[in-house]
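Residue strings, one per chain:
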Amino acid sequence: MNHFDWSLIRSFLAVLDQGSLLGAARVIQASQPTVGRHIAELESQLGVVLFERTGRGLVPTSMALQLAEAARSMEAGANQLTRTLASAQTQTSGTVRITASVPVAVHLMPPLLAQLRQSLPDTQIELVSSNQISNLLRREADIAVRMVRPEQGSLVARKLGQVRLGAYAHKSYLTRRAPLRQPQDLLQHALIGSDTDTSILRGFAAMGYPVTRELFVLRSDDYIVQWQAVRAGLGIGFAPAYLAHREPEVVEVLPGQLKVPPLPMWLAVHREIRTNPRIRRVYDFLAGALPQLIS
């Protein structure tokens, strides 16, 4: 009977899900050589080949697919053990890991964390700034601030409010261009939009203006880049209202005329982790503070 180091299973599942050593390394926060070494060790211990190396990445063998279900059960058991231990902790000092979208992490979280530091000086924060939805079930984060409602039944999700979106431009840009009186006037202006994200294009289509990505003079999927371009006077961009509140030289264009649906903001935590006093204190702080910043 073959024996193996079950701690290697985490790397195996990450490679299985991501299809490459690099993608797996990012997910589990390890180096690419380390993940590669883990896979080689597991293959050696099991005496089987788990992945075929191809130009497109790592392709799982039939044996890897057979082992996947059992491996996921092992991972679920380990995660359950971690959550049980975390929920049993009574100390309030230590680390809490929060994940939030890039705009929220960059603009909303720093002042909140400064306040949090004053009230909870014994708590350290790890802030994951990413537009990817981290998996709370795998403990990639303890608390998540999301713009979509989590669907997993084992998560507690609290709606914090609605984030209003609008079109904004720097005053210096507006003084150089023709005034905007109706939504279709936007088509004659320099617009800032996304590269691969089609949400803004869908918004124009919903207003009756089917346009292509060539409409945008600057395209970037980084929302901070878009906002900085607006601040620089490059053109008109679309952003949450809480960003504009901090910029007296940036004004909203066509207020009330653009029917841009607001985004809900959710605060999520695993149901069992919520009984951890350290995580509960941070969760309650964010639940009370974030709605005031987005209203």
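Bear in mind that the values here come from a model prediction, so they are computed numbers and not experimental data.

A description of the overall build of the chain should follow, citing residues and the corresponding values.
Along the chain, the regular secondary structure elements total 10 helices and 12 strands. With respect to the principal axes defined by its C-alpha atoms, the chain has extents near 80 × 50 × 30 Å. Residue pairs in contact within the chain that sit at least 24 positions apart in sequence constitute 75% of those at least 6 positions apart. If you sum the accessible surface of the chain, you get close to 15300 Å²; carbon and sulfur atoms cover 54% of it.

How would you sum up the sheet that holds strand β3 (residues 94–100)? Please name residues and give values.
The strand order β4-β3-β5-β12-β6 describes an open sheet built from five strands, whose pairing is mixed. Single-partner strands in this sheet number two, and they are β4 (123–129) and β6 (155–163). Each adjacent strand pair in this sheet contributes to an overall mean axis angle of 20°, direction not counted. Against the sheet, helix α5 (residues 102–119) makes contact with β3, β4, β5 (143–146) and β12 (263–270), and its axis sits at roughly 175° relative to β4, the strand it touches most.

Explain unusual backbone geometry to me, and be specific about the residues and the numbers.
Residues other than glycine seldom take positive phi values, yet Q29 does so here, at roughly 60°. Relative to the helices and strands, Q29 is located in the loop between α2 (21–28) and α3 (32–46). Owing to a relative accessible area of 61%, Q29 belongs among the exposed residues under this scheme. Positive phi values are uncommon outside glycine, yet L254 reaches one of about 50°. In this fold, L254 is placed in the loop between β11 (250–253) and β12.

Give a detailed account of the packing of aromatic side chains, specifying residues and quantitative values.
In total, this model carries three aromatic pairs according to the counting rule given. Ring centres of Y168 and W227 lie 6.2 Å apart, and the angle between their planes is 80°; on these two criteria the pair is classed as edge-to-face. Of this pair, Y168 sits in strand β7 (residues 165–170) while W227 is found in helix α8 (residues 223–231), placing the two residues 59 residues apart along the sequence. Residue classification places W227 among the buried positions, given a relative accessible area of 3%.

Could you give an account of α3, naming the residues involved and the relevant values?
Helix length check: α3, at 15 residues, gives a terminal C-alpha distance of 21 Å against a target of 21 Å (1.5 Å per residue), a fit within 8%. Residues T34, V35, G36, I39, L42, E43 and L46 constitute the buried set of α3. The first or second residue beyond α3 is G47, which carries a positive phi of 75°.

Any chance you could break down the sheet that holds β7 for me, citing the residues and the numbers?
Pairing is antiparallel in the open sheet, where three strands are placed in the order β10-β7-β11. Looking at the sheet topology across the chains shown, the edges are occupied by β10 (237–240) and β11. Across this sheet, the average inter-strand angle for adjacent strands is 55°, counted without regard to direction. One ladder, built from four bridges, connects β7 with β11; its direction is antiparallel.

Quick rundown of the pattern of salt bridges? Include the residues and the values.
Taken as a whole, this structure holds seven salt bridges when the rule is applied. R53 serves as the salt-bridge partner of E43, at 3.5 Å between the closest nitrogen and oxygen. Of the two residues, E43 sits in helix α3 while R53 sits in strand β1 (residues 51–54), which places them 10 residues apart along the sequence. The class for R53 is exposed, based on a relative accessible area of 51%.

For the environment of A239, give the residues involved together with the corresponding values.
With respect to the helices and strands, the residue A239 is situated in strand β10. Each C-alpha atom of the pair A239 and R164 lies 8.5 Å from the other, and the pair is 75 residues apart in sequence. Beyond its immediate chain neighbours, meaning those up to four positions away, A239 contacts R164, L165, G166, Y168 and W227.

Hey, could you go over the packing of α5 against helix α10 (residues 277–294) for me, with residue numbers and the actual values?
Put simply, α5 and α10 touch, their axes get as near as 11 Å, and they point 135° apart. For the element pair α5 / α10, the angle class is oblique. Judged by the twist between their axes, the crossing of α5 over α10 is right-handed. Of α10, the residues touching α5 (which contributes L108, M109, L112, Q115, L116 and S119) are R281, V282, F285, L286, A289, L290, L293 and I294.

Tell me about α2, residues and numbers included.
Residues of α2 that are buried: G23, A24, A25 and I28. Residues of α2 that are buried in the fold lie against α1 (9–18) and α3. Near the N-terminus of α2, the side chain that reaches the backbone nitrogen of G23, with its oxygen 3.0 Å away, is that of S20. Looking one or two places after α2, you find Q29, whose phi comes out positive at around 60°.

Kindly report on the pairing of strand β2 (residues 57–60), identifying the contributing residues and their values.
Taken together, the four bridges between β1 and β2 define a ladder with antiparallel strand orientation. Bridged to F51 within β2 is P60. Here β1 folds back onto β2 in antiparallel fashion, the turn holding two residues.

About the criteria used
- Residues numbered from 1 in each chain as written.
- Predicted model: local features only at pLDDT ≥ 70, side-chain atom pairs only at ≥ 80, totals over all residues.
- Heavy atoms only, no water.
- Helix = DSSP H or I, 4+ residues; strand = E, 2+ residues; numbered from the N terminus.
- Contact = heavy atoms within 4.5 Å.
- Areas by Shrake-Rupley, 256 points an atom, 1.4 Å probe, with all protein chains shown as cover.
- Pairing = 2+ DSSP bridges.
- Axes fitted to C-alpha atoms, helices over the stretch in contact; angles between N-to-C directions.
- Buried < 20%, exposed > 50% of the residue type's maximum accessible area, 1.4 Å probe, protein only.
- Phe/Tyr/Trp six-rings, centres within 6.5 Å; stacked < 30°, edge-to-face > 60°.
- Expected span 1.5 Å × (residues − 1).
- Salt bridge = Lys/Arg side-chain N within 4 Å of Asp/Glu carboxyl O.
- Parallel < 35°, antiparallel > 145°, perpendicular 65-115°, else oblique.
- Left-handed = near helix turned anticlockwise from the far one by under 90°.
- Polar contact = N/O pair within 3.5 Å; in protein donor to acceptor, adjacent residues only side chain to side chain.

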